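Here are the chains, one letter per residue:
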Amino acid sequence: MHTAYDMLTGPCAWTAFILFFGGCLYRLIKMLWLVWKKERFIFSYMSLRYSLRSLVHWMVPFMAVNWRRQPVLTIATFAFHLCLILTPLFVSAHIILWEEAWQFSWWMLPDGLADAMTMVVIVCAGYFFIRRLVSPEVRYVTGPSDWIILSIVAAPFISGFLAYHQWFAYRFFTMFHIFSGEVMLVAIPFTRLSHMIISPFTRAYMGSEFGKIRHARDW
Amino acid sequence: MKKSIGSILILCTIFLFGWVSVHSQEEMEVVDNSVFDQPRRTSSLFMHDDHNESAGIEECHVCHHVYEDGELLEDESSEDSSCSECHEIDASGDMPGLMMAYHLNCKGCHLKEKKGPVLCGECHHK
């Protein structure tokens, strides 16, 4: 128990954070380098104004036409991503552990709210899961990797939820929670979860090309 | 005669109360968390005397310590004051805040000894 805990919160945690930050940096540099090598002219397209214009339109729910087409999916997508990113950064237990290790802390969510946000992530993940099963057009483009990625993201939230409430095997789910969180961190730069770092750039490029070159909107 | 029996009884009661309040750590099962306003967790399990016996801690000052000018005084202890009398809710300088004082003291030793609870719910049991 103690040996496993020491491993998970020591060497494994270090490896996960290094791979996460290093991997993200690597993906960004690789992206810029590829553009530079293959389609350098893209840099001359880029415009801060049109990039931001497009990003704002896509980051506000229902502001882009696409967001208005499927309202339920849109709400689920926004709620999912918002809670997915904010909960782990501000849940009290993470900040307390951070302070124990680094004598450094920041604002934390009330536990009830963090619990509700975790449920939002789990419910939305369930919705995406069912959507992939029943909606023919989504099912058609679904491969094994989609199921794996969805599980990697859902696992830390489900186990964290069970651990917080101390339901079922408390020790197992707490340890699994730490482990699955580390797996998710490592998966971000090296799977399609990398849309977390890449998509703002794709959006900025689309916005710039449509706005500056084609004088059109991309939302 | 009746009067002296009465005073003996009163003396016994006072003695009993004094004894109970001095030795109340024997009955302690959890660390009182009422100093925290709106505690987030259940109070931590801690059977004071059983714990220290099975963990083999003999010195009181391992937990009930006294510092002078930032130096730990090896042969003095502070079991007559609660942790919260010195440790405020918020940290100040080298002095950890109350929650951190507990976590660093309790969990710190458990991690070092590789014995005793380290996961939140093992201490803050629901």
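Residues numbered from 1 in each chain as written. Chains lettered and ligands numbered in written order. Predicted model: local features only at pLDDT ≥ 70, side-chain atom pairs only at ≥ 80, totals over all residues. Heavy atoms only, no water.

Novice: Could you give an account of the overall build of chain B, with specific residues and numbers?
Specialist: When you go through chain B residue by residue, the secondary structure sums to five helices and two strands. Put simply, chain B runs from its N terminus to its C terminus through helices and strands in the order α-α-β-β-α-α-α. In chain B, which comprises 126 residues, the proportion classed as buried is 19%. Counting contacts in chain B only where the partners sit at least 6 residues apart, residues at least 24 apart contribute 26% of the total. Of the roughly 9600 Å² of accessible surface on chain B, 59% is carried by carbon and sulfur atoms. (Helix = DSSP H or I, 4+ residues; strand = E, 2+ residues; numbered from the N terminus. Buried < 20%, exposed > 50% of the residue type's maximum accessible area, 1.4 Å probe, protein only. Contact = heavy atoms within 4.5 Å. Areas by Shrake-Rupley, 256 points an atom, 1.4 Å probe, with all protein chains shown as cover.)

Novice: Before we move on, can you summarise the packing of helix H7 (residues 92-102) of chain A against helix H4 (residues 98-113) of chain B with the specific residues and values?
Specialist: Packing of H7(A) against H4(B) brings their axes to within 11 Å, and their N-to-C directions diverge by 70°. If you check the angle between H7(A) and H4(B), you find them roughly perpendicular. Considering only the axes of H7(A) and H4(B), their crossing is right-handed. Judged by residue contacts, Ile96(A), Leu97(A), Glu99(A) and Glu100(A) of H7(A) engage Met99(B), Met100(B), His103(B), Leu104(B) and Lys107(B) from H4(B). Here the contact of H7(A) with H4(B) is built from residues that sort into five nonpolar, one polar and three charged. (Axes fitted to C-alpha atoms, helices over the stretch in contact; angles between N-to-C directions. Parallel < 35°, antiparallel > 145°, perpendicular 65-115°, else oblique. Left-handed = near helix turned anticlockwise from the far one by under 90°. Nonpolar A, V, L, I, M, F, W, Y, C, P; charged D, E, K, R; others polar.)

Novice: Any details on the packing of aromatic side chains? Residues and values, ideally.
Specialist: Inspection of the entire model under this criterion finds 19 aromatic pairs over all chains. Three or more aromatic residues link up through ring pairs in this structure, and these residues are Trp14(A), Phe17(A), Phe20(A), Phe21(A), Trp98(A), Trp102(A), Phe104(A) and Trp106(A). The cationic tip of Arg40(A) hangs over the ring face of Trp36(A); the distance from NZ or CZ to the ring centre is 4.2 Å. Seen from the ring of Tyr164(A), Lys126(B) lies directly overhead, with NZ or CZ sitting 4.2 Å from the centre. (Phe/Tyr/Trp six-rings, centres within 6.5 Å; stacked < 30°, edge-to-face > 60°. Lys NZ or Arg CZ within 6 Å of the ring centre and 35° of its normal.)

Novice: Please give an account of a nonpolar patch on the surface that cites residues and values.
Specialist: All names here are of chain A. A cluster of nonpolar side chains, Trp 14, Phe 17, Ile 18, Phe 21, Trp 98, Trp 102, Phe 104, Trp 106 and Trp 107, forms an exposed patch at the surface whose accessible area comes to about 1100 Å². Top element by residues in the nonpolar patch is helix H2 (residues 11-38). It accounts for four residues. When you line up the elements, Phe 17 lands in helix H2. (Patch = residues over 30% accessible without salt bridge, like charges linked within 9 Å, V, L, I, M, F, W, Y side chains within 5 Å. Salt bridge = Lys/Arg side-chain N within 4 Å of Asp/Glu carboxyl O.)

Novice: Residue-level account of the confidence of the model for chain A, with values.
Specialist: One rule of thumb: low pLDDT means the predicted coordinates there are not for detailed reading. Averaged over chain A, the pLDDT score is 93; the fraction of residues at 70 or greater is 100%. Within chain A, the element-level pLDDT minimum falls on helix H3 (residues 42-45) of chain A, averaging 81, and the maximum on helix H11 (residues 170-190) of chain A, averaging 98. (pLDDT = per-residue confidence, 0-100.)

Novice: Kindly report on the environment of Ser34(B), identifying the contributing residues and their values.
Specialist: Residues and elements named next belong to chain B. With respect to the helices and strands, the residue Ser 34 is situated in the loop between helix H1 (2-22) and helix H2 (48-54). Take Ser 34: its relative accessible area is 54%, and that puts it in the exposed class. Of note is the side chain of Ser 34, whose polar atom sits 2.9 Å from the side chain of Asp 32. (Polar contact = N/O pair within 3.5 Å; in protein donor to acceptor, adjacent residues only side chain to side chain.)

Novice: Would you mind going over the side chain of Ser44(B) in detail, with residue names and values included?
Specialist: For Ser44(B), the position within the fold is in the loop between H1 and H2. A relative accessible area of 15% places Ser44(B) in the buried class.

Novice: Go over the interface of chain B and chain A with me, naming the residues and quoting the values.
Specialist: Bring the parts together and some accessible area is lost; that lost area is often taken as the interface size. Every contact between the two is made by 20 residues of chain B and, on the other side, 22 residues of chain A. Taken together, both faces of the contact between chain B and chain A bury some 1900 Å²; the carbon and sulfur share is 54%. Our enumeration of links across chain B and chain A arrives at five salt bridges. Note that Lys107(B) and Glu100(A) form a salt bridge whose closest N and O atoms lie 3.0 Å from each other. Put simply, chain B and chain A have 15 residue pairs in polar contact (both at pLDDT 80 or more) between them. Put simply, the parts of the chain that give the side of chain B that touches chain A at least two residues each are H4 and helix H5 (120-123) of chain B. The leading source of residues in the side of chain B that touches chain A is H4(B), at seven residues. Here the side of chain B that touches chain A is built from residues that sort into seven nonpolar, six polar and seven charged. (Buried area = accessible area lost by both parts, 1.4 Å probe.)

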